[in-house]
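Working through the structure, step by step
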Amino acid sequence: MNLRKLISAAFMFCAVTAMAQDVKDPVVMTINGVPVTRSEFEYSYNKNNSEGVIDKKTVNEYVDLFINYKLKVAAALDAKMDTLLSFKSEFATYRDQQIRPAIITDADVEAKAREIYAETQHRVDSMGGLVKPAHILVLARQTATDAEVAAAKAKADSIYNVLKAASFDKELFTELAKKHSEDRGSVRDGGELPWLQKGQTLPEFDEKVFSMSVGETSAPLKTAAGFHIIQLRDKGDFFPYDSVRTNILTFIEQRGIRNQIINQRLEEMAKAQGPAVTPEMVLAQKREQMTAADPDLKNLIQEYHDGLLLYEISNVNVWDKAAKDEAGLVKFFKKNKKKYAWDEPRFKGIAYRTKEVADIQAVKMAVKDLAFDKWNEKLRSTFNNDSVLRIRVEKGVFKKGDNAMVDKYEFGENATIKEMKGYPNTATYGKIIKAPEDYTDVRGLVVADYQEQLEAAWVAELRKKYVVKVDKAVLSTVNNH
């Protein structure tokens, strides 16, 4: 076969392979010229219509929602939001989180755990191993007077003499520790401390306990904490691996050591492939392998990519835009004012508590001539501008049941006002209104509705701007092939 025939055969093979892949996962729609495969659509549809979803959609009902989603992503790509460093960084972090764990195996983590164990075992055993003491502590802090120190020593000596008379009986030691020890951490356990390695306790305690024999009880020992009577219960080498394995594995996860293992392995793999290969290139190779073998993983990564773009473009065109468009909100509220009518009046004002009776009236005088949105700052600067908070205030538009003070003083309800320590005086100031005076009285509702309007207009614009083609024949095979 000559070279021309060989190349022709290779191209034919690629074409046949591509056709086979298309048949296996056909394109269900194109949006702005970008194909969406059936598997991607199925992944999104099934994820958003799984068990437990209240408002489930049929495939045909879901199509429009999916198209709107993809149209917004197309708008974000046109705006080059995928080139922003913030986007690239966040997306790469999430994407790599799906791939990096597969670079190593459980055996690699186990090997690291055994390495950490061996290092710890050698260090602990070379310093004298572990001790298991119990102690009775009589406090005598460094700030104690000479008389207080003498009293503490006398008490410790008295306890020691009782133990000595009973041949330092273990059960008596436990009983006396529960009764007299002032170490809150061990008193309930009869003075028994956890296994200790050298350097974990006060220097004097450390030196003494590691010099003792099992079963031995020390005379009162002075440290910075006071006087200790120590009884050594046991001593030995570092714990067996199996008894601390779970703790070491937890340590590996909490300290980010797993990531260190992965980074080391990536560097090793890159080095093995040659000087031109970087760890990032090795990770990209692994990603290609994994996404080729696992469509769900590929779709998950794509979903996160598109989701980040959707968030950014929606924030610019809808969410943040609506929240900051004061003129637009005012206009929208005036046009739709009837929609925000209330079934019953509200109280617009403040419910507050004061330390001093005189401040009840002072609060009212401070805000009476100000616009409602200026009250918070005025009250803060007038009454709470230093370390002493003279008043506690809740400002807003209240309906019955929202606030006990408002219920009692404004709506005449039989409400019980809970006391607040340091603020015995309670009052309200404001007015009863039958309907919202402006959009700020129902801001949350107005912003949400305005966002909905902006989004509908935006989607309509996108549907005019971008070409959408749906293959209904392929769509009919979703979850049915």
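Presented here is an overview of the structure given in this document. Everything quoted here is computed from the prediction, not taken from an experiment.

Description of the pattern of salt bridges
Taken as a whole and assessed by the stated rule, the structure comprises 28 salt bridges. Across the salt bridge formed by Glu 303 and Lys 47, the nearest N and O atoms sit 2.7 Å from each other. Residue Glu 303 is found in helix H12 (residues 295–324), and its partner Lys 47 is found in helix H2 (residues 38–48); the two are separated by 256 residues along the sequence. A residue is classified by how much of its surface remains accessible, and Glu 303, at 23% relative accessible area, is partly exposed. A salt bridge links Glu 437 to Lys 348; the nearest nitrogen and oxygen atoms lie 2.9 Å apart. Residue Glu 437 is located in the loop between strand E9 (425–433) and helix H17 (443–465), and its partner Lys 348 is located in strand E7 (residues 346–354); the two are separated by 89 residues in the primary sequence. Salt bridges linked by common partners bring Lys 348, Lys 431, Glu 437 and Asp 441 together as one network.

A look at the sheet that holds strand E2 (residues 34–37)
Taken in spatial order, the three strands make up an open sheet running E2-E1-E10, and their pairing is antiparallel. Each of the sheet's edge strands pairs with one partner strand only, and the pair in question is E2 and strand E10 (468–470). Neighbouring strand axes in the sheet, compared pairwise and without regard to direction, differ in orientation by 20° on average. The pairing of strand E1 (residues 27–31) with E2 spans four bridges and is classified as antiparallel. Within E2, the residue paired with Val 27 across the bridge is Thr 37. The strands touched by H2 are E1 and E2; relative to E2, the strand with the most contacts, the crossing angle is about 65°. Against the sheet, helix H3 (residues 59–78) touches E1, E2 and E10, its axis set at about 45° to E1.

Some remarks on the packing of aromatic side chains
Enumeration over the complete set of coordinates arrives at 19 aromatic pairs. With 6.5 Å between their ring centres and 10° between their planes, Phe 41 and Tyr 45 make a pair best called stacked. Taken as a pair, Phe 41 and Tyr 45 lie in helix H2 at a separation of four residues, close to a single helical turn. Just as Phe 41 is buried, Tyr 45 falls in that class too. Ring centres of Tyr 45 and Tyr 62 lie 5.4 Å apart, and the angle between their planes is 70°; on these two criteria the pair is classed as edge-to-face. Of this pair, Tyr 45 sits in helix H2 while Tyr 62 sits in helix H3, and the two are 17 residues apart along the sequence. Considered together, Tyr 45 and Tyr 62 belong to a single accessibility category, that of buried residues. An aromatic cluster of at least three residues, connected via ring pairs, comprises Phe 41, Tyr 45, Tyr 62, Phe 66 and Tyr 69. The side chain of Arg 114 reaches across the aromatic face of Tyr 241, ending 4.1 Å from its centre. The ring centre of Phe 227 lies 5.7 Å from the NZ or CZ of Lys 222, which sits over that ring.

Digging into the side chain of Arg 287
As for its placement among the helices and strands, Arg 287 is situated in helix H11 (residues 279–293). If sequence neighbours within four positions are ignored, Arg 287 has contacts with Arg 95, Asp 96 and Ile 99.

Section: the packing of helix H4 (residues 85–99) against H11
Where H4 meets H11, the axes come as close as 10 Å, and the angle between the chain directions of the two elements is 65°. Overall, the two elements H4 and H11 adopt an arrangement that is roughly perpendicular. Taken as a pair, H4 and H11 cross one another with a handedness that is left-handed. The segment H4 lies against H11, with Arg 95, Asp 96, Gln 98 and Ile 99 engaging Leu 283, Lys 286, Arg 287 and Met 290. Split into classes, the residues belonging to the contact of H4 with H11 amount to three nonpolar, one polar and four charged.

A closer look at the nonpolar core
Counting 55 residues, the largest nonpolar core has Val 28, Met 29, Phe 41, Phe 66, Ile 248, Ile 252 and Leu 475 as its most contacted members. Here this core takes 11 residues from H3, the largest share from any one element. What Ile 252 contacts, discounting residues up to four positions off in sequence, is Val 109, Lys 112, Ala 113, Ile 116, Ile 257 and Arg 258. Counting residues in each nonpolar core, the second largest holds 15 residues, with Ala 134, Ala 156, Tyr 160 and Phe 173 among its members.

Quick look at the sheet that holds strand E4 (residues 196–197)
Strand order in the open sheet made by the four strands is E4-E3-E6-E5, with antiparallel pairing throughout. Pairing within the sheet leaves two strands with one partner each, and these edge strands are E4 and strand E5 (221–222). In this structure, strand E3 (residues 130–139) lies alongside strand E6 (residues 226–236), joined through 10 bridges in antiparallel fashion. Residue pairing in the sheet places Leu 137 in a bridge with His 228 of E6.

Thoughts on unusual backbone geometry
Positive phi outside glycine occurs at Asn 32, with the angle close to 55°. Within the fold, Asn 32 resides in the loop between E1 and E2. Look at Asn 32 and you get partly exposed, because its relative accessible area is 35%. Even without glycine at this site, Ser 167 takes up a positive phi of about 60°. Relative to the elements of secondary structure, Ser 167 occurs in the loop between helix H6 (146–165) and helix H7 (170–180). Note on Ser 167: relative accessible area 61%, which makes it exposed.

Considerations on the pairing of E1
Hairpin connection, E1 to E2: the antiparallel pair is bridged by two residues, and Asn 32 has positive phi, about 55°. Pairing of E1 with E10 involves three bridges; the strand directions are antiparallel. Within E10, the position partnered with Met 29 by the bridge is Val 470.

Structural notes on the side chain of Asp 96
Position of Asp 96 among the secondary structure elements: in helix H4. Ignoring anything within four residues of it in the chain, the contact list for Asp 96 reads Pro 101, Leu 283 and Arg 287.

Some points on H4
With 15 residues, H4 should reach 21 Å at 1.5 Å per residue; the first-to-last C-alpha distance of 21 Å fits that figure. Taken residue by residue, H4 has Phe 87, Phe 91, Tyr 94, Arg 95, Asp 96 and Ile 99 as its buried positions. Contacts made by the buried residues of H4 are with H11 and H12.

Rules of the game
Residues numbered from 1 in each chain as written. Predicted model: local features only at pLDDT ≥ 70, side-chain atom pairs only at ≥ 80, totals over all residues. Heavy atoms only, no water. Salt bridge = Lys/Arg side-chain N within 4 Å of Asp/Glu carboxyl O. Helix = DSSP H or I, 4+ residues; strand = E, 2+ residues; numbered from the N terminus. Buried < 20%, exposed > 50% of the residue type's maximum accessible area, 1.4 Å probe, protein only. Pairing = 2+ DSSP bridges. Axes fitted to C-alpha atoms, helices over the stretch in contact; angles between N-to-C directions. Contact = heavy atoms within 4.5 Å. Phe/Tyr/Trp six-rings, centres within 6.5 Å; stacked < 30°, edge-to-face > 60°. Lys NZ or Arg CZ within 6 Å of the ring centre and 35° of its normal. Parallel < 35°, antiparallel > 145°, perpendicular 65-115°, else oblique. Left-handed = near helix turned anticlockwise from the far one by under 90°. Nonpolar A, V, L, I, M, F, W, Y, C, P; charged D, E, K, R; others polar. Core = buried A, V, L, I, M, F, W, Y, C linked by side-chain atoms within 4.5 Å. Expected span 1.5 Å × (residues − 1).

These results come straight from atomic positions and should not be treated as a statement about function.
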